[in-house]
Amino acid sequence: MRFCCPTCGRDEEILVDRNPRCLFCRVEMITASNYSELWMSPYIAIKRMATISETYGIERARTDGRFKKEREAWTTGVLALALSKLKDEEWWVEIETVDSTPDTRLQHIDQSSGHNVIQTRSIEVVDWEENVGDIMKLIGKKCRRAYPGHYLLVVNARHPGKVLDFDRVTEEVKTVRSPFLEIWVVALIGLNHMKVVRVAPGGPAIDLKLPTELERARKQRSFLKRGIRGTDTEFRELGPAFLTIP
């Protein structure tokens, strides 16, 4: 089983001891977690993909099927940053680990009623890449499939050098029979500058300066686990957690 030191970040495989201490820091090490029912802050989801890119190289990180879940979590994390900026709310990213759909979920805890009420957005993520010339072709293909009516489609525009006309997409998507509650497009439009636009129904366009928004998101609790107590839902903050690189 893999363990990590919460102080120095050193990790290793330990076979016998289930409560090992770091050989250098002498603090108790943390066992590796998995994605099951784990809520990550947008900061963690986005930085995790950055770590994969630094470890394996950008090209492999963006194409290797081994990192598909992490890429989907990154896209969902960017949408979470946009919603947080738009509504001044905290959203967490959850990766689906059992069913084939949705890819991810966005989770928000609404406490306005005096109880923890979970607001969930089920997300289908699709990448717009060089092999598809028009983003509408990609959206149309996804819309021809059967999805539950509460799902959101999030398109990660990864088509370098291609001009993306958000107004045109917003108009043309009106002619498409869509199963999705909402369709969003996430696009890198400059150095560390993202634009997140709801194209169906036509709605807000949120500009994100990633360093600024990530610094704000860094203050959010990193990980949450859901639990049940009586008739209410409670959440357990995990504190430091160790997620291995796939």
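Residues numbered from 1 in each chain as written. Predicted model: local features only at pLDDT ≥ 70, side-chain atom pairs only at ≥ 80, totals over all residues. Heavy atoms only, no water.

Trainee: Describe the side chain of Thr104, and please don't skip the residues or the numbers.
Mentor: Locating Thr104 in the fold gives a position in strand β6 (residues 104–110). Among the polar contacts made by the side chain of Thr104, one reaches the side chain of Thr76 at a distance of 2.7 Å. Once residues lying within four places of it in the same chain are set aside, the contact partners of Thr104 are Glu72, Ala73, Thr76, Glu94, Ile95, Glu96, Arg121, Ser122, Ile123 and Val125. (Helix = DSSP H or I, 4+ residues; strand = E, 2+ residues; numbered from the N terminus. Polar contact = N/O pair within 3.5 Å; in protein donor to acceptor, adjacent residues only side chain to side chain. Contact = heavy atoms within 4.5 Å.)

Trainee: Can you explain the layout of surface pockets? Please cite residues and give values.
Mentor: Empty space among the atoms becomes visible once a probe the size of a water molecule is rolled across them. In this model, the largest pocket occupies a volume close to 990 Å³. In terms of lining residues, the largest pocket is bounded by 32 residues, among which Trp74, Asn156, Arg158, Leu188 and Met194 are the most central. Counting only elements with at least two residues in the lining of the largest pocket, the list comes to α1 (42–56), α2 (58–63), α3 (68–87), β7 (117–128), β8 (151–157), β9 (182–190) and α6 (210–217). Tallying contributions element by element places α1 first for the lining of the largest pocket, with 6 residues. When its residues are assigned to classes, the lining of the largest pocket shows 19 nonpolar, 6 polar and 7 charged. (1 Å grid on protein atoms, 1.4 Å probe; cavity = no way out; pocket = protein on both sides within 12 Å on 5 of 7 lines; lining within 4 Å. Points joined across faces, edges and corners; volume = space filled by probe spheres on them. Nonpolar A, V, L, I, M, F, W, Y, C, P; charged D, E, K, R; others polar.)

Trainee: A description of the pattern of salt bridges should follow, citing residues and the corresponding values.
Mentor: Counted by the stated rule, this structure contains 14 salt bridges. Residue Glu59 is joined to Arg62 by a salt bridge in which the shortest nitrogen-to-oxygen separation is 3.9 Å. Note that Glu59 and Arg62 are positioned in helix α2 at a spacing of 3 residues, about one turn of the helix. Connected via shared salt-bridge partners are Lys85, Glu213 and Arg216. (Salt bridge = Lys/Arg side-chain N within 4 Å of Asp/Glu carboxyl O.)

Trainee: Provide a residue-level description of the environment of Ile44, including the pertinent values.
Mentor: Here Ile44 lies in helix α1. Sequence separation between Ile44 and Leu214 is 170 residues, and the spatial gap between their C-alpha atoms is 9.3 Å. Sequence-distant contacts of Ile44, defined by excluding residues within four places in its chain, comprise Ser222 and Phe223.

Trainee: Go over the pairing of strand β11 (residues 202–209) with me, naming the residues and quoting the values.
Mentor: Examined bridge by bridge, strand β10 (residues 193–200) and β11 share 6 bridges and lie antiparallel to one another. Bridge pairing in β11 places Val196 opposite Ile206. Counting the residues between successive antiparallel strands, the hairpin from β10 to β11 contains 1 residue. (Pairing = 2+ DSSP bridges.)

Trainee: Tell me about the side chain of His108, residues and numbers included.
Mentor: Position of His108 among the secondary structure elements: in strand β6. Looking at His108, its side chain comes within polar contact range of the main-chain oxygen of Glu90, at 2.8 Å. The contact partners of His108, leaving out residues within four places of it in the chain, are Glu89, Glu90, Trp91, Val117, Ile118 and Gln119.

Trainee: Now, about the nonpolar core: what can you tell me, with residues and values included?
Mentor: Formed by 37 residues in total, the largest nonpolar core has its most connected members in Met40, Val78, Leu79, Leu106, Trp184, Val196 and Leu208. In terms of residue count, α3 provides more of this core than any other element does, 8 residues in total. Counting 24 residues, the second-largest nonpolar core is a separate cluster that includes Val132, Val155, Val169 and Val197. (Core = buried A, V, L, I, M, F, W, Y, C linked by side-chain atoms within 4.5 Å. Buried < 20%, exposed > 50% of the residue type's maximum accessible area, 1.4 Å probe, protein only.)

Trainee: Give me the packing of α1 against α3: which residues, what numbers.
Mentor: At a minimum axis separation of 8 Å, α1 and α3 run at an interaxial angle of 140°. Regarding the angle of α1 to α3, the classification is oblique. Seen along the crossing, α1 lies across α3 with a hand that is left-handed. Contacts between α1 and α3 involve Pro42, Ala45, Ile46, Arg48, Met49 and Ile52 on the former and, on the latter, Glu70, Arg71, Ala73, Trp74, Gly77, Val78, Ala80 and Leu81. Counted by class, the contact of α1 with α3 contains 10 nonpolar, 1 polar and 3 charged residues. (Axes fitted to C-alpha atoms, helices over the stretch in contact; angles between N-to-C directions. Parallel < 35°, antiparallel > 145°, perpendicular 65-115°, else oblique. Left-handed = near helix turned anticlockwise from the far one by under 90°.)

Trainee: Please set out a positive patch on the surface residue by residue, giving values where relevant.
Mentor: On the surface, Lys137, Lys141, Arg144 and Arg145 cluster together into a positively charged patch. Along the chain, the position of Lys137 falls in helix α4 (residues 135–143). Judged by its relative accessible area of 62%, Lys137 is exposed. (Patch = residues over 30% accessible without salt bridge, like charges linked within 9 Å, V, L, I, M, F, W, Y side chains within 5 Å. Areas by Shrake-Rupley, 256 points an atom, 1.4 Å probe, with all protein chains shown as cover. Lys, Arg positive; Asp, Glu negative; His and termini not counted. Charge placed at Lys NZ, Arg CZ, Asp CG, Glu CD.)

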